[in-house]
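# Residue-level structure breakdown
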Amino acid sequence: MAAAVSAGREFSQSAKIAVFDAQPRCGRKLLATGNGRCNLTNRLATPSCYNSDDAHAVSQVFSGVNVSDTLAFFESLGLVWREEDEGRIYPSCGQASAVLDLLRLELARLNIAEVCGCRIEKIRHEGPYYIMNSPLGIVRAKCLVVACGGMAAPNLGGVNWGYGLMQSLGHTATRLTPSLAPIPVDSPHLSSLKGIRAYANASICDERGVIYSDTGEVQFGDKALSGIVIFQLSSAAENVRSDNLCVELDMLPERNMEDIIALLAKRRTILPHLTLENYLTGVFNKRVGMCILKHSGMTPLSRSVSELSDGDIRRIASVIKCWRFPVSGVASWNSAQVTSGGIRLSEFDGMTMQSRLHTGLFAAGEMLNADGKCGGFNLQWAWSTGILAGRSAAFLIKKDMTKSK
Ligand SMILES: Cc1cc2nc3c(=O)[nH]c(=O)nc-3n(C[C@H](O)[C@H](O)[C@H](O)COP(=O)(O)OP(=O)(O)OC[C@H]3O[C@@H](n4cnc5c(N)ncnc54)[C@H](O)[C@@H]3O)c2cc1C
């Protein structure tokens, strides 16, 4: 849609532009972004925030359309936005549907057709045209922007079709893995914490040490850890091939081990009348506190706080500082927000998003091998590449029109 709008704005209705989408309506995934609020970009998005096979092309993309250009694009559609924590930018009205509505209203103003429920099944390049097979018949175009998204969230329309279409035209793809997803972990006590959120420093580690670490809200699931901080860890760990990955939670990151031992010893002194069940109530969510104690081997929790030895206190402090959850499997496409890997970016000119193999073929968005952290970075990639691709496609058509006059 961003590509079509950018292309359409270059013409005064002399070019025929259409958006094809296999879904019953365009922008289905967009509606689900940011928990329905659409974290449309991030003030801190720069080329170094992305994993890709071609860092230079990512830099070229951002030199063409950066965060300010993107915000100007949305302002020109009528969007008012607001910046929240860590540079995250949302529509002021708090509705992802507003972003979609504004894009669709602009498509309508520019007389750009939305052809929905129409999957492009095949593409071939014959002479100056791209010939596409669809359930509605053959579609012929001089320029084509392919922005089929990735495989994340199949329930919201995530598919692998774009990779096949591009491969049929000679492009190649890297390994595809789900990213920005909950991390499946093993822990005997986790099921009792389902749905609870806690502030922690989370690290993903392998046998060599910490791979990536971040601080914020962690959400406990039945057999997985989730939340934005965990999503960032999943993104950092996606290329690490180790059977010994684990997540470590520091549940009191602002205090060191000695402080925690002193805190626990003080609680033993002032709360001797309590049972262990309530020893950590007031420090953590009660159920989290009980789990930490069980994990430290303090069962049964019906024992009195006064019975804790100094050794027990050190063991509890160690778990508070480093609560280990062995990673038990790989993230699923259903729970992922984005695809890591994709069509090789090096096969495109980062200044225009045009294919190096086919004149008139452009690509944009998640389908390409570039993915970023959680927080608006992936939509920013889609906007930057989409706007560039649409604009460049329009220039190519205009050049062609001038030549044939
Ligand atoms: C739950 C969830 C929340 C997210 N929240 C955020 C967020 O807040 N901020 C952020 O930056 N990112 C977020 N993301 C990631 C972001 O949504 C995607 O990276 C982004 O939508 C990618 O845009 P795209 O245009 O490349 O692909 P998509 O938005 O997936 O659009 C691709 C479209 O192409 C259509 N299509 C595919 N193949 C064909 C075909 N052969 N013929 C016709 N149509 C086809 C699909 O139906 C789809 O509608 C979130 C993702 C999920 C799943």
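Residues numbered from 1 in each chain as written. Predicted model: local features only at pLDDT ≥ 70, side-chain atom pairs only at ≥ 80, totals over all residues.

With that settled, the discussion passes to the overall build of the chain. Looking only at helices and strands, one finds 11 helices and 22 strands in the chain. When the backbone C-alpha atoms are referred to their principal axes, the chain occupies close to 90 × 40 × 35 Å. Burial statistics for the chain: of 405 residues in total, 42% are counted as buried. Here the analysis covers contacts within the chain between residues at least 6 apart in sequence; of these, 74% occur between residues at least 24 apart. (Helix = DSSP H or I, 4+ residues; strand = E, 2+ residues; numbered from the N terminus. Buried ≥ 20, exposed ≤ 12 C-beta atoms within 10 Å, placed from the backbone. Contact = placed C-beta atoms within 7 Å.)

Next up on the list: the nonpolar core. Membership of the largest hydrophobic core comes to 64 residues, with the highest contact counts inside it found for F362 and A363. Per-element accounting of this core gives the leading share, 11 residues, to helix α11 (residues 377-404). Non-local contacts of A363, meaning those with residues more than four positions away in its chain, are made with V146, A147, M166, I343, F348, M353, S355, L368 and A389. With 45 residues, the next largest nonpolar core counts A153, L280, V288 and C374 among its residues. (Core = buried A, V, L, I, M, F, W, Y, C linked by C-beta atoms within 7 Å.)

Turning to the sheet that holds strand β4 (residues 81-83), a few remarks are in order. Within the open sheet, the three strands sit side by side as β2-β5-β4. Their pairing is antiparallel. At either end of the open sheet lies a strand with only one pairing partner, and these are β2 (41-42) and β4. Taken together, the three bridges between β4 and strand β5 (residues 88-91) define a ladder with antiparallel strand orientation. In the strand pairing of β5, E83 is matched with I89. (Pairing = 2+ DSSP bridges.)

For R124, the position within the fold is in strand β7 (residues 122-126). You can call R124 exposed: it has 11 C-beta atoms within 10 Å. As for R124 and R140, which are separated by 16 residues in sequence, their C-alpha atoms are 9.8 Å apart.

Turning next to the site of the ligand. Neighbouring residues of the ligand: 34 residues in total, closest G34, N39, G149, G365 and L379. Elements represented by at least two residues in the shell around the ligand include exactly β1 (18-21), α2 (28-32), α6 (161-168) and α11. Classifying every residue of the shell around the ligand gives 18 nonpolar, 11 polar and five charged. (Near = placed C-beta within 6 Å. Nonpolar A, V, L, I, M, F, W, Y, C, P; charged D, E, K, R; others polar.)

Looking along the chain, the bond that leaves T299 and enters P300 is cis, with omega of 0 degrees. The residue P300 is located in the loop between α9 (286-295) and α10 (310-321) in this model. One non-glycine residue, N111, lies in the positive phi region at around 60 degrees. Looking at where N111 falls in the secondary structure, it is placed in the loop between α5 (96-109) and β6 (113-116). Positive phi outside glycine occurs at M353, with the angle close to 65 degrees. Given 33 C-beta atoms within 10 Å, M353 falls into the buried group.

The domains assigned to the chain are domain 1 (2-178 + 338-404) and domain 2 (181-331). Listed per partner, the contact involves five residues of domain 1 and seven residues of domain 2. Of the residues contributing to the side of domain 1 that touches domain 2, the split by class is two nonpolar, two polar and one charged. (Domains from an automatic or database assignment.)

This part is about the packing of helix α4 (residues 67-77) against α11. Put simply, α4 and α11 touch, their axes get as near as 10 Å, and they point 80 degrees apart. Overall, the two elements α4 and α11 adopt an arrangement that is roughly perpendicular. Packed against α4, whose contacting residues are V67, T70 and F73, the element α11 presents Q380, W383, S384 and I387 at the interface. Residues of the contact of α4 with α11, tallied by class, amount to four nonpolar, three polar and no charged. (Axes fitted to C-alpha atoms, helices over the stretch in contact; angles between N-to-C directions. Parallel < 35°, antiparallel > 145°, perpendicular 65-115°, else oblique.)

By the element assignment, F395 lies in helix α11. Taking C-alpha positions, F395 is 27 Å from E121, a pair spaced 274 residues apart along the chain.

Moving on to the packing of α9 against α10. In the contact formed by α9 and α10, the axes pass within 9 Å of each other and the chain directions differ by 120 degrees. Between α9 and α10, the angle is such that the two are oblique. Viewed along their axes, α9 and α10 form a crossing whose handedness is right-handed. On the side of α9, the interface is formed by I292, L293 and H295, while α10 contributes I316, V319 and I320. Of the residues contributing to the contact of α9 with α10, the split by class is five nonpolar, one polar and no charged. (Left-handed = near helix turned anticlockwise from the far one by under 90°.)

Below, the discussion takes up α4. In an α-helix there are 3.6 residues to a turn, and that puts residues three or four apart on one side. For α4, the complete set of buried residues consists of V67, T70, F73 and F74. Buried residues of α4 fall within an arc of 120 degrees about the axis and therefore sit on the same side. For α4, the exposed residues set more than 90 degrees away from the buried face come down to S68, A72, E75 and S76. At its buried positions, α4 is contacted by β2, β4 and α11. (Arc of directions from axis to C-beta.)

Turning our attention to the environment of Q219. Here Q219 is to be found in strand β14 (residues 209-220). Look at Q219 and you get partly exposed, because 18 C-beta atoms sit within 10 Å. Sequence spacing of Q219 and N35 is 184 residues, and the spatial spacing of their C-alpha atoms is 15 Å. With residues up to four places along the chain from it excluded, the contact list for Q219 reads R197, S226 and G227.

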